[in-house]
Amino acid sequence: PAEPALQESIELYRKGKLADAIAGLENVREGSLNSRFLVYRAGLLLLVGRLDEAKPDIQRALALDSRNSDAYSLQAIISVVENDKDLALSLADKAVEFDPTSPTARIALSYAQQAQFKVEQALATVQKAVDLDPQNALAWARLAEMEMSTGNLERALDAAKHAAGLNPELAKTQTVLGFAYLTRFDPQAARTSFEKAIELDEADPLPRLGLGLAKIRDGDLDGGREQIEIAVSLDPGNSLIRSYMGKTYYEEKRHTLAGVQFELAKELDPLDPTSYFYDAVRKQSENRPVDALQDVQKSIDVNDNRAVYRSRLLLDQDLAARSASLARIYSDLGFDQLALIEAYKSVNTDPGDYSAHRFLADAYVDLPRHEIAQVSELLQSQLRQPLNITPLQPQLGDSRSFILSGAGPAKPGFNEFNSLFNRNQSVLQFSGVAGGNHTTGDQLVASGISDNVSFSVGQFHFETDGFRENNDLKKDIYNLFVQSEVTSDAGLQMELRQTEVTNGDLALRFDPDNFSPTSRTHERINSVRFGAHYVFSPNSDIIASPIFQESSTSFDLADPTSPFVLEQKERSAAFEIQHLYRSEGFNLTTGAGRYQINRNLQINGSEIPGSNGSDSNLYSYAQFKLLPYDVTIDVGLSYDRLSDLEVYRSQINPKLGIVWSPQPTTVVRAAAFRSVKRAFIADQTLEPTQVAGFNQFFDDLDGTVSRRVGVAVDQRFSANLYGGLELSTRNLSRVPFTTVGEFDWKEQERRGYLYWTSGRSLALTATYQYEHFERPVDFTGDENIIELKTHRVPLGISVFSPSGLSARVSLTFIDQNGQFLDAIGNPFAGSDHFWLTDAAVSYRLPRRLGLITIEGRNLFDKTFRFQETDAATPTVATRRLIFARWTLAL
């Protein structure tokens, strides 16, 4: 109080005039230079980035008072910035020890705890600081930051408003308030707060960054980029701001400038995964998937083995990472098994992360007999996703495509043409395919976002004559998806779908003459789905999904000597609800569902009575994370009650899975569980689809009980060499009301893979797949399989050029032998082995305008006998097929 110059400096600081506050300290008398003064001056110097001048003042303060809590607090903050996390925590603990009543010490401790990912502890520490000094505006601002970091958006906004109310003249309080408004989808209010913060402190880069993001969110990309450029100029050494600058340039399709910013961000903070991940997105869109994979792997390595979708600002939900899709990078390289492994890891790391579920859905797309799992993971992703601009491809929700893998108008899944920023805009994507066998198709999707509402409307068409007589297929899909964020904690959505399919006999059997030359099938499905998501807290949320569906199916054998016409109409409804609780070492997923199907079934005009069905299910999956040992244990129970025309089943199903990482580059998985095939509506469910990376829902007959046991090991040998093995066995049984149709059968799978990248442009793949199916003679399924052993050895090489050109050649050896039924039901044995050659050449258009591919399957027109095990996902072209596929992003 006796030093007017010091008091004047403090008043200037409180008004945000930092330069004047520092200059005024030159008038303070030498006799007043005690430890408290030195700490105050060091704090001001740190606020304007003058670290070299601040450090001597802190040392002098500690020399004068070795127990100065505030001096230790400042040292702790410096250590956080310098990425010395252990030292930061030690210094902050000392600050609290020397003055337990100091809010400053608690705030410093919260930064040190947050740097070590102890977010909940950091939040509790800041709350203690507020309790110690309820009038401290900075403590309230820090509390708002931590509430945002933990997802408590409502409480974050309240705390930010309180901080601004206590001291509206501090730039810090206005900046935090602006970010809080951004998380609430209120860019106008955010802009007001950021603009005021800039008036109070023109040298602070954070409000400039916030203002830029607010403008971009409002659709003003140019204005947003200008503000972020100013933020970079104010703090050129800030890695995070550099990453956002790179994102902005990428959004403007200025890839060279974006790459420069990402590289600078990596140099400034090698431990921040943000720049690595966004640079991977850029490199993948520049046709450099090998480089992109290395950056993605680096982002995982430096992110404490957490899910790969983490960002340092909650308002940036890493939509780029999610929409450009790690799965797409693996797909370009041909590393399909690696995509599955990373997808499993992401879901197990955070079951509530929508992007992890979408990643897994994308990885399932071309995997036979995983249709239920694919569309179920898609549903879970949709219900949990924030507002986004990503087009929803109509074919994604189609569980039974019957289209040769990769031969549709567009490859299902996220693609690199999506926006990096979640901003008000609309986009249009058009895809098409044309090729042999009179194959044509197109897909048109328009999507947009406006404030708190987003939409996607799409149309899909595909038709082909097929590889033989009566193998034709025609499919049309229309969908409309609308989503609204009612509040930051509550979201609603609606999806309308219509599917119409006309086809002949699509099954590919070992006996090439075993097909119907006349049978015709026509199916029409209309469905409406609603969805709701409510977040009680960052650790607790709930999703719900009612689905209503009407379908009509007609099957006409078209045989005048033995007429057979089956007509079936269904009206079905399902409701599912799921609650998820998450903590650092424990997750609990609990849910229930109920469905009802009303059928009208006629054969040759005669109605078949009693064909209604119902089902109910309950489940609870607990996940225990033994963090010191890198072990995750999944334990679950499900109860299924199924009552249908043929089957009644009521039972409890245990689940057990273990995932162990003995070292960061090794993952060992094992699982044993039982499940029941229910009559899913639209083949979708909210119940977890996998246990420790082993799928539990296959397209079996309703009422089938399966017991699966599996073990796998996946190894990253080096930065460019990956390999692994997986073995599993499924024992299945089905007991109907009568002894007629009682079946037991077995399925075995063995998989091995080796992936290698060489240099910056070459990827090589070698995989081995073995399947062994055993079925009773009384039940061979539509495939007419009694026993089937299939060995596949696909070998592939892919070459990529930054010019946009890429080429892929794959050789696949297939060896099949087994016992089958012929067209008139007589058993026979058969075997065949052969090589298939496939190739593709692609060109990625500049400025992310699209992709053109010319592809050939079975190039040498090899004739062979082959049995598909999943008609819905055919994998082999029985005749030469040449086609062109393109995608344009407008």
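Details of the structure are given in the entry above.
The paragraphs below set out a description of the structure included in this document. All residue numbers refer to positions counted from 1 along the written sequence of the respective chain. Residue-level local features of this predicted model are given only where pLDDT is at least 70; pairs of side-chain atoms are given and counted only at 80 or more, and the full residue set underlies all totals for whole chains, interfaces and linings. Side-chain descriptors were evaluated using all non-hydrogen atoms of the structure, hydrogens and water having been removed beforehand.

We now examine the overall build of the protein. By definition, any uninterrupted DSSP run of H or I lasting at least four residues is a helix, any uninterrupted run of E lasting at least two residues is a strand, and each is numbered from the N terminus. Of the regular secondary structure elements, the protein holds 23 helices and 25 strands. Two things to know: the radius of gyration comes from C-alpha atoms, and the globule rule equals 2.2 Å times the number of residues to the power 0.38. For 890 residues, the compact-globule formula gives about 29 Å, and the C-alpha radius of gyration of the protein, at 30 Å, lands near that figure. Along the first, second and third principal axes, the C-alpha atoms of the protein reach 115 × 55 × 45 Å. A 1.4 Å probe rolled over the protein chains alone gives each residue an accessible area, and that area as a share of the maximum for its type sets the label: buried under 20%, exposed over 50%, partly exposed in between. Within the protein, the proportion of its 890 residues that are buried is 57%. Note that accessible areas follow from Shrake-Rupley with a 1.4 Å probe, and for residues the cover is restricted to the protein chains shown. A total of about 35400 Å² of accessible surface is found on the protein, and carbon and sulfur atoms cover 55% of it. His is not counted here, nor are the chain ends, while Lys and Arg score as positive and Asp and Glu score as negative. A charged residue contributes its charge at one atom only: NZ of Lys, CZ of Arg, CG of Asp or CD of Glu. If you average the places of the 90 positive and of the 117 negative side-chain charges in the protein, the two averages end up 1 Å apart.

With that settled, the discussion passes to the nonpolar core. Membership of the largest hydrophobic core comes to 50 residues, with the highest contact counts inside it found for L143, L182, F194, L209 and L213. In terms of residue count, helix 9 (residues 137–149) provides more of this core than any other element does, 7 residues in total. Definition used in this section: a nonpolar core is a set of buried Ala, Val, Leu, Ile, Met, Phe, Trp, Tyr and Cys residues joined via side-chain atoms within 4.5 Å. Grouped together as the second largest cluster of nonpolar side chains are 38 residues, L25, A61, L74 and A108 included.

Moving on: a nonpolar patch on the surface. Residues enter patches when their relative accessible area tops 30% and they take part in no salt bridge; the joining distance is 9 Å for like charges and 5 Å for the nonpolar side chains Val, Leu, Ile, Met, Phe, Trp and Tyr. Salt bridges are defined by distance alone: a side-chain nitrogen of Lys or Arg within 4 Å of a carboxyl oxygen of Asp or Glu. Taken together, F624, L626, Y629, V635, L656, I658 and W660 make up a surface patch of nonpolar side chains, about 660 Å² in accessible area. Looking at the nonpolar patch, the elements with two or more residues in it are strand 11 (613–626) and strand 13 (648–663). If one sorts the elements of the nonpolar patch by residue count, strand 13 sits on top with 3 residues. Here L626 lies in strand 11. Taking relative accessible area as the criterion, L626 reaches 37% and is therefore assigned partly exposed.

Tracing the chain through its elements places Q498 in strand 5 (residues 490–503). Sequence spacing of Q498 and S551 is 53 residues, and the spatial spacing of their C-alpha atoms is 9.7 Å. Residues in contact with Q498, not counting those within four places in the same chain, are D476, I477, Y478, R524, I525 and N526. Whether two residues are in contact is decided by their heavy atoms, any of which lying within 4.5 Å being enough.

This paragraph deals with the pairing of strand 2 (residues 439–450). Here 11 bridges tie strand 1 (residues 425–435) to strand 2, and the two strands are oriented antiparallel to one another. Considered in strand 2, the bridge of Q425 is made with I449. In this scheme, strands are said to pair when DSSP sees at least two bridges between them. Between the antiparallel neighbours strand 1 and strand 2 lie 3 residues, among them N437 with a positive phi of about 60°. The sheet contact formed by strand 2 and strand 3 (residues 453–464) spans 11 bridges and is antiparallel. When the sheet's bridge partners are listed, Q443 is paired in strand 3 with F460. Connecting the antiparallel pair strand 2 and strand 3 is a turn made up of 2 residues, with D451 showing a positive phi of about 55°.

Before going further, it helps to spend a moment on the packing of aromatic side chains. Each pair of aromatic rings taken from Phe, Tyr and Trp, with Trp reduced to its six-membered ring, is defined by centres within 6.5 Å and is described as stacked if the planes are under 30 degrees apart, edge-to-face if over 60, and tilted in the remaining cases. Across all of its chains, the model carries 18 aromatic pairs by this definition. Ring geometry for F335 and Y755: centres 4.5 Å apart, planes at 5°, overall stacked. With a gap of 420 residues between them, F335 in the loop between helix 20 (326–333) and helix 21 (336–349) and Y755 in strand 19 (residues 743–758) connect regions that are remote in the sequence. Judged by relative accessible area, F335 falls into the buried class, the value being 0%. Here a set of aromatic residues connected by ring pairs shows up, and it is made of F335, Y722, Y753 and Y755. Here, a charge over a ring is recorded when the distance from Lys NZ or Arg CZ to the ring centre is within 6 Å and its angle to the ring normal is within 35 degrees. Its guanidinium or amino end placed over the ring of F694, R669 lies 5.0 Å from that ring's centre, counting from NZ or CZ. For the cation-ring pair, R848 lies above Y250, with the distance from its terminal atom to the ring centre recorded as 3.9 Å.

Okay, unusual backbone geometry next. The backbone of K253 shows a phi angle near 65°, a positive value even though the residue is not glycine. In this structure, K253 sits in the loop between helix 15 (239–251) and helix 16 (255–268). Although it is not a glycine, R847 adopts a positive phi angle of roughly 60°. Its place among the elements puts R847 in the loop between strand 23 (827–844) and strand 24 (850–857).

This part covers the environment of L123. Within the element layout of this structure, L123 appears in helix 8 (residues 119–132). You can call L123 buried: its relative accessible area is 13%. Sequence separation between L123 and Y111 is 12 residues; the distance between their C-alpha atoms is 9.7 Å. Setting aside anything within four residues of it in sequence, one finds L123 in contact with L143, M146, E147, T150 and N152.

Lines fitted to C-alpha atoms define the axes here, with helix axes fitted over just the stretch in contact, and angles between the N-to-C directions of these axes take values from 0 to 180 degrees. Closest axis-to-axis distance for the helix 7 (residues 103–115)/helix 9 pair is 11 Å, and the angle between their directions is 20°. What the angle tells us is that helix 7 and helix 9 run roughly parallel. Between helix 7 and helix 9 lies a crossing whose hand is left-handed. Where helix 7 abuts helix 9, its residues I107, S110, Y111 and Q114 lie against L138, A139, R142, E145, M146 and S149. Per-class residue counts for the contact of helix 7 with helix 9 are 5 nonpolar, 3 polar and 2 charged. Roughly parallel refers to an angle under 35 degrees, roughly antiparallel to one over 145, roughly perpendicular to one between 65 and 115, and oblique to any angle outside these ranges. In this scheme the handedness of a crossing depends on how the near helix is turned from the far one: anticlockwise by less than a right angle means left-handed, clockwise means right-handed. Following the grouping adopted for this structure description, the nonpolar residues are Ala, Val, Leu, Ile, Met, Phe, Trp, Tyr, Cys and Pro, the charged ones are Asp, Glu, Lys and Arg, and the polar ones are all others, Gly among them.

Each helix should span, by expectation, one fewer than its residue count multiplied by 1.5 Å. Here helix 21 spans 20 Å end to end across 14 residues, near enough to the 20 Å set by a 1.5 Å rise per residue. The element helix 21 is largely enclosed, with a buried count of 11 among its 14 residues. If you check which residues of helix 21 are buried, you get Q337, L338, A339, L340, I341, E342, A343, Y344, S346, V347 and N348.

Summarising the element assignment, R708 is placed in strand 17 (residues 705–718). For R708, a relative accessible area of 4% puts it in the buried group.

Turning our attention to the pattern of salt bridges. Taken as a whole and judged by the stated rule, the model has 54 salt bridges. Note that E495 and R529 form a salt bridge whose closest N and O atoms lie 3.1 Å from each other. Of this pair, E495 sits in strand 5 while R529 sits in strand 6 (residues 520–537), placing them 34 residues apart in sequence. Look at R529 and you get buried, because its relative accessible area is 4%. A salt bridge links R669 to D714, with the shortest nitrogen-to-oxygen separation between them at 3.6 Å. Highlighted residues: R669 in strand 14 (residues 666–676) and D714 in strand 17, separated in sequence by 45 residues. As far as burial versus exposure is concerned, R669 and D714 are alike and both buried.

Buried within helix 1 (residues 4–14) we find A5, L6, S9 and L12. An end-on view of helix 1 places all buried positions within 120° of arc, on one side of the element. Where helix 1 is buried, its residues contact helix 2 (18–24) and helix 3 (35–47). Count one or two residues on from helix 1 and you reach G16, which has phi positive near 85°. Note that the arc is computed from the directions linking the helix axis to the C-beta atoms.

Right, let's talk about the packing of helix 15 against helix 16 for a bit. Remark: helix 15 packs on helix 16, axes separated minimally by 8 Å, with the N-to-C direction vectors making an angle of 165°. Looking at the two axes, helix 15 sits roughly antiparallel to helix 16. Classified by chirality, the crossing of helix 16 by helix 15 is left-handed. Contacts from S239, R242, S243, M245, G246, K247, Y249 and Y250 of helix 15 reach helix 16 at H255, L257, A258, Q261, F262, L264, A265 and L268. When its residues are assigned to classes, the contact of helix 15 with helix 16 shows 9 nonpolar, 5 polar and 2 charged.

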